[in-house]
Amino acid sequence: MAYASDCVQGKVQGVEGNAPIINHPDVKRMLMQMRALTEAGRAMSFFTIAAEDRSHRHCDADQRAADAQLVEVMTPLVKGWCTEVAMESTSLGVQVHGGMGFIEETGAAQHMRDARILPIYEGTNGIQALDFVGRKCLRDGGETISLLLAAMQQTASELSAANGAIGELSTALTNTVEQCQQALDYVLANSAKSPSLAYNFLMLFGNSVSFWLLVKLAAAAQKRIDQGSSDLFYTQKIKTTRFFSSQILTRNLGYLASIVTQTNYSEELIAEDFQTL
Ligand SMILES: Cc1cc2nc3c(=O)[nH]c(=O)nc-3n(C[C@H](O)[C@H](O)[C@H](O)COP(=O)(O)OP(=O)(O)OC[C@H]3O[C@@H](n4cnc5c(N)ncnc54)[C@H](O)[C@@H]3O)c2cc1C
(Lines give C-alpha, C1' and ligand atoms only; values in the text may rest on other atoms or scores of the structure.)
Protein backbone atom coordinates (compact mmCIF):
# COMPACT_ATOMS: atom_id res chain seq x y z
CA MET A 1 0.00 0.00 0.00
CA ALA A 2 2.88 2.40 0.84
CA TYR A 3 4.70 1.55 -2.40
CA ALA A 4 1.52 1.89 -4.49
CA SER A 5 0.84 5.31 -2.96
CA ASP A 6 4.40 6.43 -3.73
CA CYS A 7 5.20 4.98 -7.15
CA VAL A 8 4.05 7.21 -10.02
CA GLN A 9 3.32 5.52 -13.34
CA GLY A 10 0.80 6.25 -16.11
CA LYS A 11 -2.28 8.41 -16.33
CA VAL A 12 -5.64 7.98 -14.62
CA GLN A 13 -8.80 9.92 -15.44
CA GLY A 14 -9.41 12.58 -12.79
CA VAL A 15 -5.78 12.68 -11.56
CA GLU A 16 -3.61 15.51 -12.86
CA GLY A 17 -0.23 14.55 -14.36
CA ASN A 18 1.19 11.08 -13.77
CA ALA A 19 -0.72 9.21 -11.08
CA PRO A 20 0.47 7.13 -8.13
CA ILE A 21 -0.27 3.54 -9.19
CA ILE A 22 -2.76 3.09 -6.31
CA ASN A 23 -5.24 4.98 -8.54
CA HIS A 24 -5.21 2.29 -11.26
CA PRO A 25 -8.23 -0.03 -11.03
CA ASP A 26 -6.08 -3.15 -11.38
CA VAL A 27 -3.77 -2.07 -8.53
CA LYS A 28 -6.83 -1.35 -6.36
CA ARG A 29 -8.04 -4.88 -7.19
CA MET A 30 -4.74 -6.44 -6.14
CA LEU A 31 -4.52 -4.50 -2.88
CA MET A 32 -8.14 -5.25 -1.99
CA GLN A 33 -7.70 -8.92 -2.87
CA MET A 34 -4.70 -9.08 -0.52
CA ARG A 35 -6.65 -7.30 2.23
CA ALA A 36 -9.81 -9.38 1.81
CA LEU A 37 -7.97 -12.73 1.76
CA THR A 38 -5.84 -11.75 4.76
CA GLU A 39 -8.77 -10.52 6.87
CA ALA A 40 -10.80 -13.60 5.94
CA GLY A 41 -7.92 -15.90 6.91
CA ARG A 42 -7.42 -14.08 10.20
CA ALA A 43 -11.15 -14.29 10.97
CA MET A 44 -11.20 -18.03 10.35
CA SER A 45 -8.03 -18.58 12.42
CA PHE A 46 -9.24 -16.56 15.43
CA PHE A 47 -12.69 -18.18 15.27
CA THR A 48 -11.02 -21.59 15.50
CA ILE A 49 -8.52 -20.57 18.19
CA ALA A 50 -11.40 -19.23 20.35
CA ALA A 51 -13.22 -22.56 19.93
CA GLU A 52 -10.01 -24.37 20.90
CA ASP A 53 -9.79 -22.27 24.12
CA ARG A 54 -13.45 -22.93 24.97
CA SER A 55 -13.00 -26.66 24.30
CA HIS A 56 -10.53 -26.69 27.22
CA ARG A 57 -11.84 -23.98 29.56
CA HIS A 58 -15.62 -23.60 29.15
CA CYS A 59 -17.50 -24.34 32.39
CA ASP A 60 -20.19 -26.39 30.57
CA ALA A 61 -19.11 -29.91 29.53
CA ASP A 62 -21.53 -30.08 26.58
CA GLN A 63 -20.18 -26.79 25.25
CA ARG A 64 -16.60 -28.06 25.63
CA ALA A 65 -17.51 -31.14 23.58
CA ALA A 66 -19.28 -29.05 20.90
CA ASP A 67 -16.28 -26.72 20.60
CA ALA A 68 -13.87 -29.65 20.37
CA GLN A 69 -15.98 -30.97 17.46
CA LEU A 70 -15.91 -27.53 15.82
CA VAL A 71 -12.11 -27.36 16.09
CA GLU A 72 -11.84 -30.78 14.44
CA VAL A 73 -13.85 -29.69 11.41
CA MET A 74 -12.25 -26.23 11.17
CA THR A 75 -8.59 -27.31 11.41
CA PRO A 76 -8.15 -28.54 7.80
CA LEU A 77 -10.01 -25.45 6.56
CA VAL A 78 -7.71 -23.09 8.44
CA LYS A 79 -4.57 -24.98 7.43
CA GLY A 80 -5.65 -25.62 3.82
CA TRP A 81 -7.51 -22.49 2.76
CA CYS A 82 -5.36 -19.93 4.57
CA THR A 83 -2.12 -21.35 3.19
CA GLU A 84 -3.47 -21.52 -0.39
CA VAL A 85 -4.52 -17.87 -0.27
CA ALA A 86 -1.25 -16.90 1.48
CA MET A 87 0.54 -17.90 -1.75
CA GLU A 88 -1.94 -15.88 -3.79
CA SER A 89 -1.68 -12.85 -1.54
CA THR A 90 2.12 -12.77 -1.41
CA SER A 91 2.30 -13.26 -5.18
CA LEU A 92 0.00 -10.26 -5.60
CA GLY A 93 2.36 -8.37 -3.27
CA VAL A 94 5.16 -8.95 -5.78
CA GLN A 95 2.90 -7.94 -8.66
CA VAL A 96 1.91 -4.63 -7.05
CA HIS A 97 5.63 -3.73 -6.97
CA GLY A 98 6.11 -4.61 -10.66
CA GLY A 99 9.75 -5.38 -11.56
CA MET A 100 10.83 -4.02 -8.19
CA GLY A 101 8.87 -6.86 -6.60
CA PHE A 102 10.83 -9.56 -8.43
CA ILE A 103 14.25 -8.27 -7.41
CA GLU A 104 15.19 -8.43 -3.74
CA GLU A 105 15.32 -4.81 -2.55
CA THR A 106 11.62 -4.48 -1.69
CA GLY A 107 11.43 -7.74 0.32
CA ALA A 108 8.16 -8.70 -1.44
CA ALA A 109 9.69 -11.78 -3.09
CA GLN A 110 10.93 -13.05 0.27
CA HIS A 111 7.35 -13.07 1.61
CA MET A 112 6.30 -15.08 -1.46
CA ARG A 113 9.09 -17.66 -0.94
CA ASP A 114 8.26 -17.92 2.76
CA ALA A 115 4.57 -18.49 1.98
CA ARG A 116 5.38 -21.30 -0.50
CA ILE A 117 6.26 -23.76 2.26
CA LEU A 118 2.97 -23.23 4.12
CA PRO A 119 0.81 -25.60 1.98
CA ILE A 120 3.54 -28.28 2.30
CA TYR A 121 4.49 -28.63 5.92
CA GLU A 122 2.27 -29.57 8.86
CA GLY A 123 0.56 -31.93 6.39
CA THR A 124 0.33 -31.10 2.68
CA ASN A 125 -2.90 -29.47 1.54
CA GLY A 126 -3.77 -32.57 -0.50
CA ILE A 127 -3.86 -34.47 2.80
CA GLN A 128 -5.77 -31.65 4.56
CA ALA A 129 -8.41 -31.81 1.81
CA LEU A 130 -8.76 -35.60 2.20
CA ASP A 131 -9.05 -35.16 5.97
CA PHE A 132 -11.77 -32.52 5.56
CA VAL A 133 -13.94 -34.43 3.11
CA GLY A 134 -13.29 -37.91 4.51
CA ARG A 135 -12.82 -37.85 8.27
CA LYS A 136 -14.58 -34.53 8.97
CA CYS A 137 -17.57 -34.67 6.58
CA LEU A 138 -18.24 -38.22 5.35
CA ARG A 139 -17.46 -40.20 8.51
CA ASP A 140 -20.36 -38.75 10.54
CA GLY A 141 -22.69 -38.51 7.52
CA GLY A 142 -22.23 -34.72 7.34
CA GLU A 143 -23.59 -34.13 10.87
CA THR A 144 -20.91 -31.75 12.20
CA ILE A 145 -20.50 -29.73 9.02
CA SER A 146 -24.31 -29.38 8.88
CA LEU A 147 -24.22 -27.69 12.32
CA LEU A 148 -21.76 -25.16 10.90
CA LEU A 149 -23.98 -24.57 7.85
CA ALA A 150 -26.96 -24.05 10.19
CA ALA A 151 -24.99 -21.41 12.13
CA MET A 152 -24.13 -19.67 8.84
CA GLN A 153 -27.78 -19.69 7.77
CA GLN A 154 -28.81 -18.33 11.15
CA THR A 155 -26.55 -15.29 10.64
CA ALA A 156 -28.02 -14.78 7.16
CA SER A 157 -31.57 -14.96 8.55
CA GLU A 158 -30.80 -12.56 11.41
CA LEU A 159 -29.43 -9.99 8.95
CA SER A 160 -32.00 -10.49 6.19
CA ALA A 161 -34.11 -7.49 7.23
CA ALA A 162 -31.12 -5.11 7.22
CA ASN A 163 -30.99 -2.34 4.64
CA GLY A 164 -28.18 -1.57 2.20
CA ALA A 165 -24.86 -3.39 2.22
CA ILE A 166 -25.62 -5.70 5.16
CA GLY A 167 -28.92 -6.83 3.59
CA GLU A 168 -27.08 -7.60 0.31
CA LEU A 169 -24.39 -9.52 2.19
CA SER A 170 -27.09 -11.55 3.95
CA THR A 171 -28.55 -12.60 0.57
CA ALA A 172 -25.06 -13.57 -0.65
CA LEU A 173 -24.57 -15.62 2.53
CA THR A 174 -27.84 -17.52 1.98
CA ASN A 175 -26.70 -18.38 -1.57
CA THR A 176 -23.34 -19.48 -0.20
CA VAL A 177 -24.95 -21.86 2.30
CA GLU A 178 -27.01 -23.35 -0.57
CA GLN A 179 -23.82 -23.92 -2.61
CA CYS A 180 -22.16 -25.67 0.33
CA GLN A 181 -25.26 -27.79 0.95
CA GLN A 182 -25.34 -28.82 -2.72
CA ALA A 183 -21.68 -29.85 -2.58
CA LEU A 184 -22.19 -31.74 0.69
CA ASP A 185 -25.25 -33.60 -0.66
CA TYR A 186 -23.26 -34.54 -3.76
CA VAL A 187 -20.28 -35.86 -1.85
CA LEU A 188 -22.50 -37.82 0.56
CA ALA A 189 -24.18 -39.48 -2.44
CA ASN A 190 -20.89 -40.00 -4.35
CA SER A 191 -18.38 -40.79 -1.63
CA ALA A 192 -16.20 -42.87 -3.97
CA LYS A 193 -15.38 -39.65 -5.86
CA SER A 194 -14.37 -37.79 -2.71
CA PRO A 195 -10.55 -38.09 -3.20
CA SER A 196 -10.71 -36.43 -6.62
CA LEU A 197 -13.03 -33.61 -5.58
CA ALA A 198 -11.43 -33.06 -2.14
CA TYR A 199 -9.37 -29.98 -3.06
CA ASN A 200 -12.28 -28.05 -4.61
CA PHE A 201 -14.51 -29.14 -1.72
CA LEU A 202 -12.03 -27.71 0.81
CA MET A 203 -11.66 -24.48 -1.17
CA LEU A 204 -15.46 -24.06 -1.48
CA PHE A 205 -15.96 -24.45 2.26
CA GLY A 206 -12.91 -22.32 3.16
CA ASN A 207 -14.16 -19.51 0.95
CA SER A 208 -17.68 -19.83 2.37
CA VAL A 209 -16.91 -20.10 6.08
CA SER A 210 -14.47 -17.20 5.89
CA PHE A 211 -17.10 -15.13 4.07
CA TRP A 212 -19.60 -15.91 6.85
CA LEU A 213 -17.16 -14.58 9.45
CA LEU A 214 -16.46 -11.45 7.38
CA VAL A 215 -20.23 -10.83 7.19
CA LYS A 216 -20.47 -11.07 10.98
CA LEU A 217 -17.61 -8.56 11.28
CA ALA A 218 -19.26 -6.25 8.74
CA ALA A 219 -22.55 -6.39 10.68
CA ALA A 220 -20.69 -5.52 13.92
CA ALA A 221 -19.00 -2.61 12.11
CA GLN A 222 -22.37 -1.38 10.79
CA LYS A 223 -23.70 -1.40 14.36
CA ARG A 224 -20.87 0.91 15.45
CA ILE A 225 -21.55 3.22 12.50
CA ASP A 226 -25.26 3.29 13.41
CA GLN A 227 -24.26 4.24 16.95
CA GLY A 228 -22.49 7.31 15.52
CA SER A 229 -18.90 6.20 14.93
CA SER A 230 -17.14 7.77 11.93
CA ASP A 231 -14.03 5.61 12.36
CA LEU A 232 -12.70 4.62 8.92
CA PHE A 233 -11.90 1.15 10.32
CA TYR A 234 -15.62 0.27 10.33
CA THR A 235 -16.43 1.52 6.82
CA GLN A 236 -13.35 -0.33 5.53
CA LYS A 237 -14.55 -3.58 7.11
CA ILE A 238 -17.81 -3.32 5.18
CA LYS A 239 -16.07 -2.37 1.91
CA THR A 240 -13.67 -5.30 2.25
CA THR A 241 -16.55 -7.75 2.79
CA ARG A 242 -18.43 -6.36 -0.20
CA PHE A 243 -15.28 -6.76 -2.30
CA PHE A 244 -14.92 -10.35 -1.09
CA SER A 245 -18.56 -10.99 -1.95
CA SER A 246 -18.32 -9.75 -5.54
CA GLN A 247 -14.73 -10.72 -6.44
CA ILE A 248 -13.71 -13.77 -4.37
CA LEU A 249 -16.92 -15.49 -3.26
CA THR A 250 -17.83 -15.76 -6.95
CA ARG A 251 -15.11 -18.45 -7.25
CA ASN A 252 -17.61 -20.74 -5.49
CA LEU A 253 -19.45 -21.20 -8.80
CA GLY A 254 -16.29 -22.74 -10.26
CA TYR A 255 -15.53 -24.89 -7.21
CA LEU A 256 -19.09 -26.21 -7.13
CA ALA A 257 -19.17 -26.96 -10.86
CA SER A 258 -15.89 -28.91 -10.56
CA ILE A 259 -17.32 -30.92 -7.66
CA VAL A 260 -20.65 -31.94 -9.19
CA THR A 261 -19.29 -32.66 -12.67
CA GLN A 262 -20.07 -36.14 -14.02
CA THR A 263 -16.49 -36.50 -15.24
CA ASN A 264 -14.21 -38.40 -12.89
CA TYR A 265 -10.74 -37.37 -14.09
CA SER A 266 -9.14 -39.61 -11.49
CA GLU A 267 -10.71 -42.74 -13.02
CA GLU A 268 -10.12 -41.56 -16.58
CA LEU A 269 -6.43 -40.81 -16.14
CA ILE A 270 -3.84 -43.55 -15.71
CA ALA A 271 -0.14 -43.07 -14.96
CA GLU A 272 0.78 -43.71 -18.64
CA ASP A 273 -1.28 -40.66 -19.67
CA PHE A 274 1.41 -38.48 -18.12
CA GLN A 275 4.22 -40.09 -20.13
CA THR A 276 3.37 -38.54 -23.51
CA LEU A 277 5.10 -35.32 -24.52
C1 LIG B 1 11.27 -26.29 5.54
C2 LIG B 1 10.61 -27.54 6.07
C3 LIG B 1 10.43 -27.68 7.43
C4 LIG B 1 9.85 -28.82 7.94
N5 LIG B 1 9.71 -28.94 9.30
C6 LIG B 1 9.19 -30.08 9.82
C7 LIG B 1 9.08 -30.27 11.24
O8 LIG B 1 9.45 -29.38 12.01
N9 LIG B 1 8.52 -31.42 11.72
C10 LIG B 1 8.11 -32.41 10.87
O11 LIG B 1 7.62 -33.44 11.35
N12 LIG B 1 8.19 -32.26 9.54
C13 LIG B 1 8.73 -31.14 8.98
N14 LIG B 1 8.83 -31.00 7.61
C15 LIG B 1 8.39 -32.11 6.77
C16 LIG B 1 7.02 -31.82 6.20
O17 LIG B 1 6.03 -32.03 7.18
C18 LIG B 1 6.81 -32.72 4.98
O19 LIG B 1 7.68 -32.24 3.95
C20 LIG B 1 5.37 -32.70 4.49
O21 LIG B 1 4.53 -33.35 5.40
C22 LIG B 1 5.22 -33.39 3.13
O23 LIG B 1 5.74 -34.67 3.15
P24 LIG B 1 6.78 -35.11 2.03
O25 LIG B 1 7.80 -34.03 1.90
O26 LIG B 1 7.24 -36.49 2.36
O27 LIG B 1 5.95 -35.12 0.70
P28 LIG B 1 5.05 -36.35 0.09
O29 LIG B 1 4.27 -37.00 1.19
O30 LIG B 1 5.98 -37.22 -0.73
O31 LIG B 1 4.09 -35.52 -0.82
C32 LIG B 1 4.36 -35.19 -2.20
C33 LIG B 1 3.04 -34.87 -2.88
O34 LIG B 1 2.22 -36.04 -2.93
C35 LIG B 1 0.97 -35.80 -2.28
N36 LIG B 1 0.56 -36.99 -1.52
C37 LIG B 1 1.33 -37.80 -0.77
N38 LIG B 1 0.59 -38.78 -0.22
C39 LIG B 1 -0.66 -38.61 -0.64
C40 LIG B 1 -1.88 -39.29 -0.41
N41 LIG B 1 -1.98 -40.36 0.38
N42 LIG B 1 -3.00 -38.83 -1.02
C43 LIG B 1 -2.95 -37.75 -1.80
N44 LIG B 1 -1.82 -37.04 -2.05
C45 LIG B 1 -0.70 -37.46 -1.47
C46 LIG B 1 1.22 -34.62 -1.33
O47 LIG B 1 0.04 -33.90 -1.07
C48 LIG B 1 2.24 -33.80 -2.13
O49 LIG B 1 1.59 -32.95 -3.03
C50 LIG B 1 9.43 -29.85 7.07
C51 LIG B 1 9.57 -29.68 5.69
C52 LIG B 1 10.16 -28.55 5.18
C53 LIG B 1 10.35 -28.44 3.68
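Everything quoted here is computed from the prediction, not taken from an experiment.

Calculation notes
Residue positions are given per chain, counted from 1 along the sequence in the order it is written. In keeping with the model being predicted, local features are shown solely for residues with a pLDDT of at least 70 and side-chain atom pairs are shown and tallied solely at 80 or more, while totals for entire chains, interfaces and linings include all residues. Computation of side-chain values: all heavy atoms of the structure, hydrogens and water removed. Classification of residues uses two cut-offs on accessible area relative to the type maximum, computed with a 1.4 Å probe and protein chains only: under 20% is buried, over 50% is exposed, and between them is partly exposed. A run of H or I in DSSP counts as a helix once it spans at least four residues, and a run of E counts as a strand once it spans at least two, with each numbered from the N terminus. Summarising the geometry, the arc corresponds to the directions from the helix axis toward the C-beta atoms. Any two residues having at least one pair of non-hydrogen atoms within 4.5 Å are treated as being in contact. The rule for a residue being near a molecule or strand is that one of its heavy atoms must lie within 4 Å of it. The term polar contact refers here to a pair of N or O atoms within 3.5 Å; inside protein, the definition further demands a hydrogen-donor-capable atom paired with an acceptor-capable atom, and it admits residues adjacent in sequence only when both atoms are side-chain atoms. Only the protein chains shown count as cover for residues, and all accessible areas are computed by the Shrake-Rupley method using a 1.4 Å probe. Residues are grouped as follows: Ala, Val, Leu, Ile, Met, Phe, Trp, Tyr, Cys and Pro are nonpolar; Asp, Glu, Lys and Arg are charged; all remaining types, including Gly, are polar. How far each domain reaches was decided by an automatic or database domain assignment. Defined in terms of a 1.4 Å probe, buried area is the accessible area two parts forfeit on being brought together, summed over both. For this document, the term salt bridge refers to a Lys or Arg side-chain nitrogen within 4 Å of an Asp or Glu carboxyl oxygen.

Colleague: Would you mind going over helix H5 (residues 108–116) in detail, with residue names and values included?
Modeller: Looking at H5, one finds that the buried residues are Ala 108, Ala 109 and Ala 115. Burial along H5 is one-sided: seen end-on, the buried residues are contained in an arc of 125°. Looking at the buried residues of H5, the elements they touch are helix H3 (61–96) and helix H4 (99–102).

Colleague: Residue-level account of the environment of Ala 156, with values.
Modeller: With respect to the helices, strands and loops of the structure, Ala 156 is situated in helix H7 (residues 143–159). Sequence spacing of Ala 156 and Lys 216 is 60 residues, and the spatial spacing of their C-alpha atoms is 9.2 Å. In this structure Ala 156 touches Ser 170, Leu 173 and Thr 174, once residues within four positions along its chain are discounted.

Colleague: Could you give an account of the site of the ligand, with specific residues and numbers?
Modeller: By nearness alone, every residue bordering the ligand is listed as Ile 117, Ile 120, Tyr 121, Glu 122, Thr 124, Ile 127 and Leu 130. One nitrogen or oxygen atom from the side chain of Thr 124 is found 2.7 Å from an oxygen atom belonging to the ligand. In isolation the ligand has 970 Å² of accessible area, and contact with the protein removes 26% of it. In the shell around the ligand, the residues fall into 5 nonpolar, 1 polar and 1 charged.

Colleague: Tell me about the domain arrangement of the chain, residues and numbers included.
Modeller: Here the chain is described as being made up of domain 1 (2–12 + 19–116) and domain 2 (125–263). Between the C-alpha centres of domain 1 and domain 2 there is a distance of 17 Å. Counting residues at the interface gives 24 residues for domain 1, matched by 28 residues for domain 2. Taken over both partners, the interface formed by domain 1 and domain 2 buries close to 2400 Å², and the fraction arising from carbon and sulfur atoms is 70%. Put simply, domain 1 and domain 2 have 3 salt bridges between them. Lys 136 is paired through a salt bridge with Glu 72; the nearest N and O atoms lie 3.8 Å apart. For the pair domain 1 and domain 2, the number of links is 10 residue pairs in polar contact (both at pLDDT 80 or more). When contributions to the side of domain 1 that touches domain 2 are tallied by element, the ones reaching two or more residues are helix H2 (25–57) and H3. For the side of domain 1 that touches domain 2, the leading source of residues is H3, giving 13 residues.

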